[in-house]
Amino acid sequence: MNEEHRDRMWRGIILGAFALVLAYSGVFLAREYTKVARFVRMGDIWSFVALGAPGPAIFTEVSNQDFVGAPYPSPGDTLLELNGLPATARNYFSTFNTETPPGKVIPIRFRSRGIDHENQVVTRSIPGLLRFQVVSLVVLRTLLTLALVFVGFWAFVRRPISPPVRTLALFSFATAVGMLQQRVVIAEEYASFEIPHANILRLAFAALAFFAPVFYLKLLLVFPWTNSFYAAHRKAVNALLFLPGCALFVLALAGRIGLPGLVAVHGTLFLLLGSFLLIRSYARAESFVARRQTRLVLFGSIPGLVLYGLLPWIVFLAPNWLASRSAVAQLWFFNATFLLLLLIPLSFAYAFGRYRLLEVEAKVRRGTRLVAINAIFLAAVFAILYLFGELILKQFSVESRTPTLVVGLILAMGFIPAQRRVRNILEDRFYPERARLRALLRDFLQTAERRTADAETFWGELSRRLIAGLSARDVRPVLRRESREPAAEGNGTSAFEMLNDLVGRLGTGDSPLLVDELVASGRVSMSERERRCLSEEQAAVLLPLFARSERIGFLLLGRKTNGEDYSPEELDLLRSLAAQIALAAENLELFEEKLEKQKLEEQIGVARRIQEGLLPRGFPVTPGLRLAARIRFCLDVAGDYYDILPLRDGRTLLAIGDVAGKGIGAALLMSNLQASLRTIKDLGISLADAVRRINGLIHANTPPDLFITFFVAIIDPRSGEVSYVNAGHNLPVLVRADGRVERLGVGGIPLGIFPEAPYEEGRTSLRRGETLLLFTDGVSEAMRSTDEEFGEERLTRLTVAHANRGPEEIIERIEREVEAFTGLASFADDFTLLAAVPV
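Residues numbered from 1 in each chain as written. Predicted model: local features only at pLDDT ≥ 70, side-chain atom pairs only at ≥ 80, totals over all residues. Heavy atoms only, no water.

Remarks on the overall build of the chain
Inclusion rule: The way it works is that DSSP assigns letters per residue, a run of H or I at least four long becomes a helix, a run of E at least two long becomes a strand, and they are numbered from the N terminus. Buried residues are those whose accessible area, probed at 1.4 Å on protein chains only, stays under 20% of the maximum for their type, while exposed residues exceed 50% and partly exposed ones sit between those limits. In short, Shrake-Rupley with a 1.4 Å probe defines the accessible areas, and a residue's cover is counted only from the protein chains shown.
What the chain contains, in helices and strands, is 26 helices and 23 strands. Relative to its full complement of 839 residues, the chain shows a buried share of 46%. Counting only carbon and sulfur atoms, one obtains 58% of the accessible surface of the chain, whose full area is about 41400 Å².

Details of the pattern of salt bridges
To be explicit about the condition: Throughout this description, the term salt bridge denotes a Lys or Arg side-chain nitrogen within 4 Å of a carboxyl oxygen of Asp or Glu.
Summed over all chains, the structure comprises 35 salt bridges. Between glutamate 461 and arginine 465 there is a salt bridge; the shortest N-O distance is 2.9 Å. A residue pair is termed a helical-turn pair when its members lie 3 or 4 positions apart in one helix, as glutamate 461 and arginine 465 do in helix H17 (residues 455-470) at four residues. Classification of glutamate 461 as partly exposed rests on a relative accessible area of 21%. Each of Glu81, Arg109, Arg111 and Asp116 takes part in salt bridges that share partners, so that together they form one network.

Let's talk about the pairing of strand S22 (residues 771-775)
Operational definition: By definition, two strands form a pair when at least two bridges between them are found by DSSP.
Of all five residues in S22, five are buried, a share of seventy percent or more. Alignment of strand S18 (residues 733-735) against S22, held across three bridges, turns out to be antiparallel. Bridged to valine 735 within S22 is threonine 771. The pairing of S22 with strand S23 (residues 831-838) spans four bridges and is classified as antiparallel. Its bridge partner lying in S23, leucine 772 is registered against alanine 836.

Re the sheet that holds strand S10 (residues 513-514)
Here is the rule: We call two residues in contact when some of their heavy atoms are within 4.5 Å. Note on geometry: axes are lines fitted to C-alpha atoms, helical ones only across the stretch in contact, with angles between N-to-C directions running from 0 to 180 degrees.
Spatially, four strands are ordered S7-S12-S11-S10 in an open sheet, and the strand pairing comes out antiparallel. A strand with exactly one partner marks an edge of an open sheet, and here the two such strands are strand S7 (475-479) and S10. Both S10 and strand S11 (residues 539-547) contribute to a ladder of two bridges, which runs antiparallel. The partner of leucine 514 across the bridge, within S11, is valine 541. Strands S7, S11 and strand S12 (550-558) of the sheet are contacted by H17, whose axis makes an angle of about 140° with S7.

Details of the layout of surface pockets
Leftover empty space is mapped by rolling, across the atoms, a probe with the size of a water molecule. The test is simple: A pocket here means an open set of points on a 1 Å grid, computed over the protein atoms alone, that has protein on both sides within 12 Å along at least five of seven lines. A cavity is instead a set of points where a 1.4 Å probe fits but cannot get out; residues with an atom within 4 Å of a point line either one. Grid points are joined across faces, edges and corners, and a volume is the space filled by probe spheres set on the points. The residue classification treats Ala, Val, Leu, Ile, Met, Phe, Trp, Tyr, Cys and Pro as nonpolar and Asp, Glu, Lys and Arg as charged. All others, Gly included, are polar.
Roughly 1300 Å³ of volume is contained in the second largest pocket. Every residue lining the second largest pocket is counted, 34 residues in all, and those nearest its centre are Leu129, Gln133, Val328, Trp332 and Phe382. Taken together, the elements giving at least two residues each to the lining of the second largest pocket come down to helix H3 (128-158), helix H12 (327-341) and helix H14 (357-395). The element best represented in the lining of the second largest pocket is H14, accounting for ten residues. Counted by class, the lining of the second largest pocket contains 22 nonpolar, nine polar and three charged residues.

Points about the packing of helix H25 (residues 792-801) against helix H26 (residues 807-822)
Using the following cut-off: A crossing counts as left-handed when the near helix is turned anticlockwise from the far one by less than a right angle, and as right-handed when that turn is clockwise.
Contact geometry for H25 and H26: axes closest at 10 Å, N-to-C directions at 145°. Judged by the sense of rotation from one axis to the other, the crossing of H25 with H26 is right-handed. Here H25 contributes Arg794, Leu795, Leu798 and Thr799 to the contact with H26, which in turn contributes Arg813, Ile814, Glu817 and Phe821. When the residues that make up the contact of H25 with H26 are grouped by side-chain class, the tally is four nonpolar, one polar and three charged.

Let's talk about the sheet that holds strand S19 (residues 741-743)
Reading across from one edge, S13-S23-S22-S18-S19 is the order of the five strands in this open sheet, with antiparallel pairing throughout. Looking at strand neighbours, the two that pair on one side only are strand S13 (625-632) and S19, the edges of this open sheet. Adjacent strand axes in the sheet meet at a mean angle of 15°, parallel and antiparallel pairs treated alike. Here three bridges tie S18 to S19, and the two strands are oriented antiparallel to one another. Considered in S19, the bridge of leucine 734 is made with glutamate 742.

Quick look at the confidence of the model for the chain
Put simply, the rule is: pLDDT is defined as a per-residue confidence score from the predictor, taking values between 0 and 100.
Per-residue confidence for the chain averages 83 on the pLDDT scale, and 87% of its residues sit at or above 70. A low-confidence stretch, residues 484-491 stays under pLDDT 50, and its non-local contacts, those more than four residues away or across chains, total 13 contacts.

Side note on unusual backbone geometry
Residue proline 71 is bonded to the preceding alanine 70 through a cis peptide linkage, with omega at 5°. The topology assignment puts proline 71 in the loop between strand S2 (57-61) and strand S3 (78-82). Cis geometry marks the peptide bond from phenylalanine 223 to proline 224; its omega dihedral reads -5°. For proline 224, the location among the structural elements is in the loop between helix H6 (212-222) and helix H7 (228-232). At serine 471, a residue that is not glycine, the phi angle is positive and equals roughly 60°.

Let's talk about the nonpolar core
Among soluble globular proteins, nonpolar side chains are generally buried collectively. Operational definition: Here, the term nonpolar core denotes a set of buried Ala, Val, Leu, Ile, Met, Phe, Trp, Tyr and Cys residues that are joined through side-chain atoms within 4.5 Å.
In terms of nonpolar packing, the biggest core is built from 89 residues, with Phe39, Phe171, Phe173, Tyr216, Leu241, Leu341 and Phe348 touching the most fellow members. It is helix H4 (residues 163-180) that provides the largest number of residues to this core, a total of eleven residues. Phe444, Leu577, Ile581 and Ala584 belong to the second-largest nonpolar core, a separate cluster that totals 32 residues.

Structural notes on empty space enclosed by the protein
Tallied over the full model, the rule gives five cavities of 30 Å³ or more. In this structure, the largest cavity encloses a volume near 70 Å³. Considering the residues around the largest cavity, the lining is formed by Ala455, Trp459, Leu479, Arg480, Arg481, Ile552, Ala585, Leu588 and Glu589. The set of elements that each furnish at least two residues to the lining of the largest cavity consists of H17 and helix H21 (568-614). Considering each element in turn, the lining of the largest cavity owes the most residues, three residues, to H21.

Here we look at the packing of aromatic side chains
Aromatic rings considered in pairs are described by the distance between their centres and by the relative angle of their planes. Counted only if it meets this: Only Phe, Tyr and Trp rings take part, Trp by its six-membered ring, and two of them pair if their centres are within 6.5 Å. Stacked means planes under 30 degrees apart, edge-to-face means over 60, and tilted covers everything else.
Under the counting rule described, the total for this entry stands at 25 aromatic pairs. Ring geometry for phenylalanine 171 against tyrosine 216: centres 5.6 Å apart, planes inclined by 40°, an arrangement best described as tilted. With phenylalanine 171 in helix H4 and tyrosine 216 in helix H6, this pair connects stretches of sequence that are 45 residues apart. There is no split in this pair, since phenylalanine 171 and tyrosine 216 are both buried. Each member of the aromatic cluster is reached from another via a ring pair, and the members are Phe39, Trp46, Tyr92, Phe93, Phe96 and Tyr190.

Structure representation (structure tokens):
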């Protein structure tokens, strides 16, 4: 048979087994739920009776609350009659059935110490504790069965041609039906329907369950790697595993050997051999991933399998002792067994996935410790209550239950603190390194919160403490704030951005990631750059740092100097402290940002004072010309500019400009413009040539995305002549004496766009009774909340309406109108006005 046909055959076997087991489990569990639904509603007695097939009915557990009064039977007494009928199974379930209501009185006769007694029982609803145990057992059995079935199927779907996965699937299916063969919680007579051919199906699936320990051993021969002896003698080993079991099962069916003893010996043998192989694989594992796989399965399967394997021995060696135990005690045992068995599918699923192994192991260990501590404490509480009730109260003939309730309440109040205290003591006893590391880091973090330090000192000290506490070779932070630093040549993606994207694709949240598991599991496809980044950092653990639901960085922890692996407790500790580290780091970052902001504000304050010093401090003497100006910065420094320069021949130069943008960059460019203008004004060249030279200087010394709109004019008050150049600026408003308006637009494009841009000089006149208004777009484009602009038309009408006033009043009127229009006391853009009136 070639490989393809073999794979097809196995695919058919696994899929067929999955379908059959799922169907049988579904029908069986549905039938169990009908029994539970009837059981919790009916009336019954809760003194338990063992109904022998041909033999007598024996009381195994007696509750005095079931009886009208004395005499009461004792465990071991014989039930002779109920409701006048012999105490057979048929008569018992015809008397106590799903239609029996609570409160029904039924006469009985029983024999105690050779004497026959008559009494009456009163049916009642199921007691609360027993109801909880029964429902819990059915729910746990359902969860365990479905978990085993679907884990086996999930693993097979992911890797259908893998021999270990096939074995895992068969082991899961066999163990699942084995769970259905365990203790019958509720009598079969309470079911709503019967399963066709139930005995045949039960026998067939019992055979599959019988081989669950064999599949367990076979699984551990190929997990996490194939055993060399098994690989060399595969057929012989498989025959040795399965053929003796087949022969023994046939002999048991034929009645030649006892089935309980066979199940006990057969199951124990294979479970012990499997556990031995598992421990041996753990000891010989060559990689950390393989060691984590085997250790997880070890912790996840051994506790449950010990209880699971113990039950057949109890049934075989001490059936009477088991029957004499109370129903609640037996249910406690089965619930604990099923709860621990739930760890088996969980541990195998993660072990085969080779991902988050230490995290799951930590949870398994923590959960096991919690269950064990709670079980011990509950046993202690019940023991104290029993001793108090049975010995002390009876000694003093106290019949009231109030003292017992008070003692129970006191014990309950101390349960949680005592449990926490014991857990901490055990942690400190068994994991002293973890306790020391936690104390070391918390002391450091508390110190870091109380005193201010720079980021380099904070991360350096944290790294030193983690290196000392974990024996790590290196600890390095990769932070969001450093995302400008590229992680690799030829690509602008930073190390933080790359790791953030990788963790985002995994969707792991704040859990620490082991790099070798990340590579081995294949959960996400990693690019060569991502692999190279992690390998170059020699990172073993990737710890995400979250603050206020945002990922602010990662801690990369290197491999250990002693060659050991990180422990589950260490990863759990790192995860619990990650939020504190992130919060301390973010607070430090905010503090540094605050300091930087303060420094920047101080520098901006200096820049503003310098810029204000560059603007005219009052107006120079300009004979024949009356001037007024107003500039308002929207930020601390501005990109708007105006200047008034008296020339040697009595003329006056007026200039106004607006740099594209706001803030420090615009202010620096404005200062450059002012310096250029003041340098060129005395060269004796034409205004157009002066603007061309300024344009060349601006273009050569500014980025291409910055430019300046600029208007400059020279006014001769004696002759009234005005020459000007408008370099793309808002057209100034010239109001004539008769109310006509002239706009001054001759010039060229804004400064700094092209190095050799041509500029044309315009000419006009300004005489008495006329007004010239220069402004920037912060005035005309001032906007109200409805997105309507103030507009140049409204500005022109205002200027015309107040042209006969002085320049100060004109500017003040315009400013008030703009404020009233926007409804704001501050503007979104720099605001500049310059007015000139001849006198």
